Amino acid sequence: MTSTQQDPYAAGAGAATAGGDGRVFTVTGQDWDEIVDQLGEETERIVVNMGPQHPSTHGVLRLILELEGETVTEARCGIGYLHTGIEKNMEFRTWTQGVTFCTRMDYLSPFFNEATYVLGVERLLDIEDDVPERAQVVRVLLMELNRISSHLVAIATGGMELGALTVMTIGFREREQVLDLFELITGLRMNHAFVRPGGIAQDLPDGSLAAVRDFVALMRKRLPEIEALCNANPIFRARLEGVGHLDLEGCLALGLTGPVLRSTGYPWDLRKTQPVCGYETYDFDVQTWDTADSYGRFRVRMNEMFESLRIVEQCVARLEGLEGAPVMVADKKIAWPSQLSVGSDGQGNSLEHIRSIMGTSMEALIHHFKLVTEGFRVPAGQAYVPLESPRGELGAHVVSDGGTRPFRVHFRDPSFTNLQATSVMSEGGMVADVIVAIASIDPVMGGVDR
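All values derive from a computational prediction rather than experimental measurement. (Residues numbered from 1 in each chain as written. Predicted model: local features only at pLDDT ≥ 70, side-chain atom pairs only at ≥ 80, totals over all residues. Heavy atoms only, no water.)

(A) Just the pattern of salt bridges, in detail. Taken as a whole, this structure holds 29 salt bridges when the rule is applied. With a closest N to O distance of 3.6 Å, Glu 87 and Arg 408 form a salt bridge. Taken together, the residues Glu 87 in helix α2 (residues 86–89) and Arg 408 in strand β9 (residues 408–412) connect sequence positions 321 residues apart. Residues Glu 174 and Arg 222 are paired through a salt bridge, measuring 2.7 Å at the closest nitrogen-oxygen approach. Note that Glu 174 is positioned in helix α6 (residues 165–186) and Arg 222 in helix α7 (residues 208–231), a separation of 48 residues in sequence. Accessibility expressed as a relative area gives 0% for Glu 174, which makes it buried. Members of the salt-bridge network, linked through shared partners, are Glu 144, Arg 147, Arg 262, Asp 269, Arg 271, Glu 304 and Glu 388. (Salt bridge = Lys/Arg side-chain N within 4 Å of Asp/Glu carboxyl O. Helix = DSSP H or I, 4+ residues; strand = E, 2+ residues; numbered from the N terminus. Buried < 20%, exposed > 50% of the residue type's maximum accessible area, 1.4 Å probe, protein only.)

Shown next, in the form of structure tokens:
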């Protein structure tokens, strides 16, 4: 039955609309058509919550969809289910320890999180020109490998959501190769905390460059296979072409960056326009497409992986010429002592390294203790150094009050900004197209809810 009586779960009959003059309907089991008939001139619209447990919402993202049949009339994002308090926690750790927090934000591109934060700290310390070249090249190497692994996840999960499970399995298969390289170089598959103020935690281990070369050779065979598998599939292309359309004007109005922006044909890439870590010295091309839709974003990500392989090859060649060069600034007031050779028990520092710290001099031991426990001081000021992450412009606004801990760190995460496009990409389309539009944005909720 239906009635206009008080709804026990509403603030009142007028709470149904913002204006306070709506009706509340209590529905108990009859056909939906009967309810629609009693609505008079109102259309048949329902509100559906998709997520945050839904596998197509890229983690803990909630989508509130208003539907008229299968057509989406309104789409909104509900975020905040993964709040980690990372930015606030960084205020209670030393400048170096902050890296262990921010690496966990966008967990698909941890090296970019670390790099933008560290570059801001180095600018405040005024040591940007003192960072060794070998450390900068290793940073670029890791970031470009990370770009490949992130794009592989974007394509793999996008394929899974469309039902193309082969795309998912081969995408994650290739990503495993990248994670093996990360584990070889940093000791961890994710959450590395490897990029440090002044350089990197430690030099590359033996055999790592050979492993990177083997990976590049493998991916030059595998990437064309993935590309052909998707482009030759008429169902895959039909689901993407013309879906989630957003032109250049809309991207600029919303502040969208990354592959979403470049799919409109606009070649905006911070590696070219505002280069850091020596990106201006590498030979690569900015990849664009001209369809401004989900298919264009897929093609941009595919092409960018080929360009990343070019940059990785150049990094390997440079590192071979910098063998034995330092990877941390010479200033012992900043350089974290982290010659982390593994001990006989398989963990921690080697006995030789402990002896060198403990037995050199009392002054050296005190300095080591103060640097590790208290940290170095950063001059008062603020800095913002953005870089081009796999999802767009990622930047850390770093503020210091002259102490050994950050006064404030706030990140401009591209996933957070790009999610604004959800409604304009989805409204007027079908429910199934919402999945495609969200996948083409490639949001990572760890970066949104930091």
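(B) Local environment of the side chain of Thr 257. Within the secondary structure, Thr 257 is located in the loop between α9 (248–254) and α10 (259–262). Owing to a relative accessible area of 7%, Thr 257 belongs among the buried residues under this scheme. Within the structure, the side chain of Thr 257 is placed 2.9 Å from the backbone nitrogen of Glu 393, a separation counted as a polar contact. When residues no more than four places from it in sequence are discounted, the contact partners of Thr 257 are Arg 391, Gly 392, Glu 393, Arg 412, Pro 414 and Asn 418. (Polar contact = N/O pair within 3.5 Å; in protein donor to acceptor, adjacent residues only side chain to side chain. Contact = heavy atoms within 4.5 Å.)

(C) Main features of the environment of Ile 226. You can see Ile 226 is positioned in helix α7. Along the primary structure Ile 226 and Gly 171 are separated by 55 residues, whereas in three dimensions their C-alpha atoms are 7.9 Å apart. If we skip the residues at most four places from it in the chain, Ile 226 touches Leu 152, Ile 170, Glu 174 and Met 302.

(D) Representation of the sheet that holds strand β3 (residues 71–78) in the model. Taken together, three strands build an open sheet; the order of strands is β1-β2-β3 and the sheet is antiparallel. A single partner strand is all that each edge strand has here, and the edge strands are β1 (46–50) and β3. Between one strand axis and the next, the sheet turns by 20° as a mean value, whatever way the strands run. Examined bridge by bridge, strand β2 (residues 62–68) and β3 share seven bridges and lie antiparallel to one another. (Pairing = 2+ DSSP bridges. Axes fitted to C-alpha atoms, helices over the stretch in contact; angles between N-to-C directions.)

(E) Region of the structure containing the nonpolar core. Counting residues in each nonpolar core, the largest one holds 88 residues, and the members touching the most others are Tyr 117, Phe 215 and Leu 223. The leading source of residues in this core is helix α5 (residues 133–162), at twelve residues. Discounting chain neighbours no more than four positions away, the residues touching Phe 215 are Leu 145, Ile 148, Glu 174, Gln 177, Val 178, Leu 181 and Leu 309. Judged by nonpolar contacts, the second largest core, of 14 residues, contains Leu 61, Ala 75, Leu 419 and Val 431. (Core = buried A, V, L, I, M, F, W, Y, C linked by side-chain atoms within 4.5 Å.)

Taken by themselves, the reported measurements are silent on function.
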